[in-house]
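Chains, contacts and geometry: an overview
Residue strings, one per chain:
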Number of protein chains: 2
Amino acid sequence: MSKLLLKCAEAGLKMTDQRKVILKVLEESGDHPSVDTVCDRAKRVDPSISIATVYRTLGLLAELGLVVKHDFGGTYARFEVKEEHDHEHHHHLIDTETGQVIEFQSDELEAHIHKIAEGLGYKIIDHTFEIFGHKIKK
Amino acid sequence: MSKLLLKCAEAGLKMTDQRKVILKVLEESGDHPSVDTVCDRAKRVDPSISIATVYRTLGLLAELGLVVKHDFGGTYARFEVKEEHDHEHHHHLIDTETGQVIEFQSDELEAHIHKIAEGLGYKIIDHTFEIFGHKIKK
DNA sequence: GTATGTGCAAAGACTTTGCTTTGGA
DNA sequence: TCCAAAGCAAAGTCTTTGCACATAC
């Protein structure tokens, strides 16, 4: 049984066919799909799924902290399944030429960030870091 | 004469009364106002200024790199005047309880970021870093 | 004088919501 | 059974745009 599905059940959500499809789509998405993209992929499995349901489901998942919402400087929201452990916290490098999103992670960076917030008298709830750039040509 | 106004003139923009007001508002804004807020502030000086003009002006300024667009996880864009020098690059800590935006800067952090991007084979064009958190209660 | 800029209202893009019907527990 | 959830379409919110008029250069 999928992890997402399990957690949704724990949260008391009814497991409808639509939700099962959407959860599966999210878990199988290695990228950071938009609502539209999630809906398209879900429709391939069950064409009757409506965009409203996708919005509502993603909203619920985000509220439960199972999914993270990004925007990457664009005009619409994009989502990814949230990793289980905090130390897996990663960030994004967006290739401005191809639109590709590359994930990266650095413990050193995380430590640094926490030190900065602490210095300002703040406790971090969340943080996002995005680099926009392009490949260095050799 | 204001710096922003000077640069707009250099760029060949016509200096209409509306633009002068909007530029002044931006330069006097220590915060990170939304389009709506900029428009409100501008209207106090000249009530005839329309939101469409504010959008168009901010769009132009962003294109010229004189202004930076943020979203801070919200639903609408927020702006600030871009600092002259790159080494003044700063980031934002958003207080999730008050909505207040605190700016911070760290050369060490910048150096670290560049090292990471380099390691991935990328040249940084821009980067944004946002911390969401709340004050530590003593 | 002429290309740009402005205001207004309409159109767009993305997201949310009300209402009725459907379906999981 | 009964309340949560889905589908549809309407409404909302933020942003952009077409058009006629105004204005900086």
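Anything mentioned here points back to the structure above.
Residues numbered from 1 in each chain as written. Chains lettered and ligands numbered in written order. Predicted model: local features only at pLDDT ≥ 70, side-chain atom pairs only at ≥ 80, totals over all residues.

1. A closer look at the relation of the copies chain B and chain A
Once turned by 180 degrees and shifted 0.0 Å along the axis, chain B lies on chain A with an RMSD of 0.1 Å. The two molecules are tied by a two-fold rotation axis, judged by turn and shift. Residue Phe129(B), judged by its C-alpha, is the member of chain B lying nearest the rotation axis, at 2.1 Å. Comparing interface residues between copies, 100% of those in chain B also lie at the interface in chain A; the contact surface is shared. (Least-squares fit on C-alpha atoms with pLDDT ≥ 70 in both. Contact = placed C-beta atoms within 7 Å.)

2. Comments concerning the protein's contact with DNA strand C
Looking at DNA strand C, there are 24 residues lining it, with Ala52(A), Ala77(A), Ser50(B), Ala52(B) and Thr53(B) nearest. Counting residues per element, the ones that place at least two in the surface near DNA strand C are α4 (51–63) of chain A together with α2 (17–28) and α4 (51–63) of chain B. Its residues assigned to classes, the surface near DNA strand C shows nine nonpolar, nine polar and six charged. (Near = placed C-beta within 6 Å. Helix = DSSP H or I, 4+ residues; strand = E, 2+ residues; numbered from the N terminus. Nonpolar A, V, L, I, M, F, W, Y, C, P; charged D, E, K, R; others polar.)

3. Some thoughts on the interface of chain B and chain A
Taken residue by residue, the interface counts 29 residues in chain B and 29 residues in chain A. When residues of the side of chain B that touches chain A are traced back to their parent elements, those giving at least two are β4 (101–104), α5 (107–119) and β5 (122–135) of chain B. If one sorts the elements of the side of chain B that touches chain A by residue count, β5(B) sits on top with 14 residues. In terms of strand pairing, strand β5 (residues 122–135) of chain A meets β5(B) through 13 bridges, oriented antiparallel. When the bridges of β5(B) are listed, Glu130(A) appears paired with Thr128(B). (Pairing = 2+ DSSP bridges.)

4. Remarks on the packing of helix α2 (residues 17–28) of chain A against helix α3 (residues 35–45) of chain A
Residue and element names in this part refer to chain A. Where α2 contacts α3, the two axes come as close as 9 Å, and the packing angle between them is 120 degrees. Taken together, the axes of α2 and α3 lie oblique to each other. As for how α2 packs across α3, the hand of that crossing is right-handed. Residues Val 21, Ile 22, Val 25 and Leu 26 of α2 touch α3, and the partners they reach there are Val 38, Arg 41, Ala 42 and Val 45. In the contact of α2 with α3, the residues fall into seven nonpolar, no polar and one charged. (Axes fitted to C-alpha atoms, helices over the stretch in contact; angles between N-to-C directions. Parallel < 35°, antiparallel > 145°, perpendicular 65-115°, else oblique. Left-handed = near helix turned anticlockwise from the far one by under 90°.)

5. Observations regarding the pairing of strand β3 (residues 91–95) of chain B
Residue and element names in this part refer to chain B. Bridge count for β3 against β4 is four bridges, and the pairing is antiparallel. Across the sheet, residue Ile 94 finds its bridge partner in β4, namely Val 101. Remark: five residues form the turn of the hairpin made by β3 and β4, two consecutive strands paired antiparallel; Gly 99 in that turn has positive phi of roughly 80 degrees. For β3 and β5, the ladder comprises four bridges, and the chain directions are parallel. Paired with Ile 94 across the bridge in β5 is Phe 132.

6. Concerning α4(A)
Residues and elements named next belong to chain A. Compared with the 18 Å implied by 1.5 Å per residue over 13 residues, the 18 Å span of α4 between its first and last C-alpha is a close match. Within α4, burial applies to Val 54, Thr 57, Leu 58 and Leu 61. With its buried residues spanning 95 degrees around the axis, α4 presents them on a single face. The outward face of α4, more than 90 degrees from its buried face, is lined by the exposed residues Ala 52 and Glu 63. Tucked into the core, α4 has its buried residues touching α2, α3, β1 (67–70) and β2 (78–81). Positive backbone phi, approximately 75 degrees, marks Gly 65, located one or two places after α4. (Expected span 1.5 Å × (residues − 1). Buried ≥ 20, exposed ≤ 12 C-beta atoms within 10 Å, placed from the backbone. Arc of directions from axis to C-beta.)

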